[in-house]
Amino acid sequence: MQRTKVKDLLQGAEVGKEVLLKGWVRTKRGNKYVNFIAVNDGSTINNLQVVADEKFSEEALKDVTTGAAIAVVGQLVESQGKGQAYEVQATSIEVVGKADPETYPLQKKAHSLEFLREIAHLRFRTNTFGAVFRVRNTLAFAVHKFFNEKGFVYIHTPIITASDAEGAGEMFRVTTLDPINPPLTENGEVNYEEDFFGKATNLTVSGQLEGELAAMAFSDIYTFGPTFRAENSNTTRHLAEFWMIEPEMAFYDLKMNADLAEEFIKYIIRYALEHNREDIEFLGQRLAEEDKAKPQNERQEMTLLEKLEFVVNNDFERVTYTEAIDILVNSNHYKKKKFQYEVSWGVDLQSEHERYLVEKHFKKPVIVTNYPKDIKAFYMRLNDDGKTVAAMDILAPGIGEIVGGSQREERIDILVERMKGVGIHEEDLWWYLDTRRFGGCPHAGFGLGFERMVQFVTGMGNIRDVIPFPRTPQNAEF
Ligand code: 4AD
Ligand code: MG
């Protein structure tokens, strides 16, 4: 007999027929005469109710406990009870894998997200994490669908690299040298020429530079892979290992880049709303519950669904960095000295500034463009004013920066100048500079932090709760 997934059974396709159902017990309740077993197999947030009547002795059901894996044969019938349309009238129940109720950590009661993080190997089995990771899966699929429909080529850029694409020096070293007794140069420094790759290498912080090379042949490409940053930030928005989507387009300017990013974000949100409605509704209720515990002025103005519908149906705001600084400096918030960090032309926007712009001032996603060149990466195209670069950050309510991107510097002399300014050697990036020498053209691209996107769509407050096994300072469990 073929197993049917709970999602399909709940749609009633096989009503009246004998079905085989496999999954994990969420709860069992009942008495001597009848027991109701809620079974979930991960295909949907909803459980399927299995009814075990007096045919089943107490002994036969003793191992049917929360967490156990079971296989049930029975008839799919319309349910008499409230709460579900269909249920399975069991004829046989096999316990495939027991879960000792004395030691199984997931009990019926609600567990805190912090506790569930410590048992991340089991948290997939909760309603919340089931919903989060189904939404994550859908978003990942939508990313590929969007770019595929537009004729972008998916490029796999290297994970081990010798270059620091962002020039921020936040890299994890990759080496096979003996950490206690490494080979040394005459100057007493570690001699990476003797290392596995014959040079010092790291885990990539971004696939952009290699992506640019491919865009100079395919016109439109994207990457979607893991990236690594050894920044010691213990925040709800930073991971040491996160997934990034980086499209790169030849013959694009900054405006076209921003248009694509906005269309892309709306597309994947819409796709999740269409394909994971129940999961998102559940997560929305979760948030609403959480909100009730907060003081009135900290509560959300919109429900999760309303927020997502709003983002999909409205234009993002667009301002330059200079305009953003003006807004901040003229705000009451600033006048009342409520910003912790300095605000003036030239400083990088801190998360408190970004949140003010997005959540208090515009109340919608904002694309900030043309930042001062000194606070942005070397590859961004210098504007005619000589002070700013053609950069863009997209800021989202509740998240802050979700996208970072720019038009790239295609003029080799200016690019080399900027590299010198930040201490990057021409020899190390000879291949990157070659694309400016041979058939170079204006081009642009951006990077979307996938986990921040998943946070936005699921409403989860901590980035550790939207990636199965988070990597953060002092933590690499599982
Ligand atoms: O702004 P970033 O550093 O830009 C780049 O890496 C460019 N190479 C992108 C490009 O133009 N192709 O990072 C891009 C995005 C950020 O906006 C943020 O969403 C996410 O990546 N991000 C992180 N997400 C989680 N944890 C971290 N430590 C992150 N650092 C950046
Ligand atoms: Mg950035």
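Residues numbered from 1 in each chain as written. Chains lettered and ligands numbered in written order. Predicted model: local features only at pLDDT ≥ 70, side-chain atom pairs only at ≥ 80, totals over all residues. Heavy atoms only, no water.

1. Quick look at the packing of aromatic side chains
Keep this limit in mind: We call Phe, Tyr and Trp rings a pair once their centres come within 6.5 Å, taking the six-membered ring for Trp, and we label the pair stacked below 30 degrees between planes, edge-to-face above 60, and tilted otherwise. Residue burial is assigned from relative accessible area. The probe radius is 1.4 Å, only protein chains are included, and a residue is buried under 20% of its type maximum, exposed over 50%, and partly exposed in between. In this scheme, Lys NZ or Arg CZ marks a charge over a ring once it lies within 6 Å of the ring centre and within 35 degrees of the ring normal.
Summed over the entire model, instances satisfying the criterion amount to 22 aromatic pairs. Measuring from ring centre to ring centre gives 4.8 Å for F196 and F197, while their planes differ by 70 degrees; the resulting arrangement is edge-to-face. For F196, a relative accessible area of 62% translates into the label exposed. An angle of 40 degrees between the planes, with centres 5.7 Å apart, marks the rings of F469 and F478 as tilted. F478 sits in the partly exposed class, given a relative accessible area of 39%. Among the aromatic residues, those joined into a cluster by ring pairs are F146, F147, F152, Y154, Y222, F264, Y267 and F446. Note that R436 overlies the ring of Y432, its terminal NZ or CZ placed 4.2 Å from the centroid.

2. Remarks on helix 3 (residues 127–149)
In plain terms, the rule: Numbering goes from the N terminus for both helices and strands, where a helix is a DSSP run of H or I of at least four residues and a strand is a run of E of at least two. A helix is expected to span 1.5 Å multiplied by its residue count minus one.
Across its 23 residues, helix 3 extends 33 Å between first and last C-alpha, which sits within 8% of the 33 Å expected from 1.5 Å per residue. Once helix 3 ends, the next one or two residues include G151, with phi positive near 80 degrees.

3. Regarding the pattern of salt bridges
Where we set the bar: A side-chain nitrogen of Lys or Arg and a carboxyl oxygen of Asp or Glu constitute a salt bridge if their distance falls within 4 Å.
Counted by the stated rule, this structure contains 33 salt bridges. Residues E149 and K145 are paired through a salt bridge, measuring 2.7 Å at the closest nitrogen-oxygen approach. Here E149 and its partner K145 are both found in helix 3, four residues apart, which amounts to about one turn of the helix. Judged by relative accessible area, K145 falls into the partly exposed class, the value being 29%. Each of the salt bridges in this network shares a partner with another, and the network as a whole consists of K255, D259, E262, K266, D315 and R318.

4. A closer look at the side chain of S43
Note the cut-off: Each polar contact in these results corresponds to two N or O atoms within 3.5 Å; when the atoms are within protein, one needs to be able to donate a hydrogen and the other to accept it, and residues that are neighboring in sequence are counted only if both atoms are side-chain atoms. Contact between two residues is taken to exist if any of their heavy atoms lie within 4.5 Å; hydrogens are not considered.
Position of S43 relative to the elements: it lies in the loop between strand 2 (35–40) and strand 3 (48–52). Judged by relative accessible area, which is 19%, S43 ranks as buried. Within polar-contact distance, the side chain of S43 engages the backbone nitrogen of K7 at 3.0 Å. A distance of 2.6 Å separates the side chain of S43 from the side chain of D41, its partner in a polar contact. Setting aside its immediate chain neighbours within four residues, S43 contacts K5, V6, K7 and R134.

5. A word on the domain arrangement of the chain
Where we set the bar: These domain boundaries are the output of an automatic or database domain assignment. Reported buried area values correspond to the accessible surface (1.4 Å probe) lost by two parts on association, with both partners' losses combined. In this classification, Asp, Glu, Lys and Arg are treated as charged, Ala, Val, Leu, Ile, Met, Phe, Trp, Tyr, Cys and Pro as nonpolar, and every other residue, Gly included, as polar.
In terms of domain boundaries, the chain breaks down into domain 1 (6–105) and domain 2 (125–170 + 205–465). Computed over C-alpha atoms only, the centres of domain 1 and domain 2 are separated by 44 Å. Across the boundary between the two partners, domain 1 contributes nine residues, which contact eight residues of domain 2. Together, the buried faces of domain 1 and domain 2 total about 680 Å²; carbon and sulfur atoms form 38% of this surface. Its largest share of buried area at the contact with domain 2, domain 1 owes to R26, I45 and Y104, together 65% of the area lost on that side. For the pair domain 1 and domain 2, the number of links is zero salt bridges. The tally of links from domain 1 across to domain 2 stands at six residue pairs in polar contact (both at pLDDT 80 or more). Residue classes in the side of domain 1 that touches domain 2 are distributed as three nonpolar, five polar and one charged.

6. Section: the sheet that holds strand 9 (residues 201–203)
To keep things clear, this is the line we draw: DSSP calls a pair of strands paired once it identifies at least 2 bridges connecting them.
Pairing is antiparallel in the open sheet, where three strands are placed in the order 7-9-8. Looking along the sheet, the strands with just one partner apiece sit at the ends: strand 7 (160–161) and strand 8 (173–174). As paired strands, strand 8 and strand 9 are joined by two bridges and run antiparallel to one another. Looking at the pairing, R173 lines up with N202 of strand 9.

7. With respect to the UniProt feature "domain: Aminoacyl-transfer RNA synthetases class-II family profile" (unreviewed entry) in the chain
Operational definition: UniProt positions are given in the numbering used here, feature names are shortened, and annotations may be inferred rather than shown by experiment.
Under the present numbering, the feature "domain: Aminoacyl-transfer RNA synthetases class-II family profile" (unreviewed entry) in UniProt falls on residues 133–468. Helix makes up 38% of residues 133–468 and strand makes up 17%, while its end C-alpha atoms are separated by 8 Å.

8. As for the site of ligand 1
Stated formally: By convention in these notes, a residue is near a molecule or strand provided one of its non-hydrogen atoms lies within 4 Å of it. Using the Shrake-Rupley algorithm and a 1.4 Å probe, accessible areas are obtained, with residue cover drawn only from the displayed protein chains.
Around ligand 1 sit 24 residues in total, of which E166, Q208, R229, E246 and E401 are the nearest. Taking Q208, its side chain carries an N or O atom lying 2.7 Å from a nitrogen atom of ligand 1. G404 has a polar backbone atom sitting 3.3 Å from an oxygen atom of ligand 1. Burial of ligand 1 by the surrounding chains reaches 93%, relative to a free accessible area of 630 Å². Contributing elements (two or more residues each) for the shell around ligand 1: strand 11 (241–250), strand 15 (400–407) and strand 16 (443–449). Grouping the amino acids of the shell around ligand 1 by side-chain chemistry returns eight nonpolar, eight polar and eight charged.

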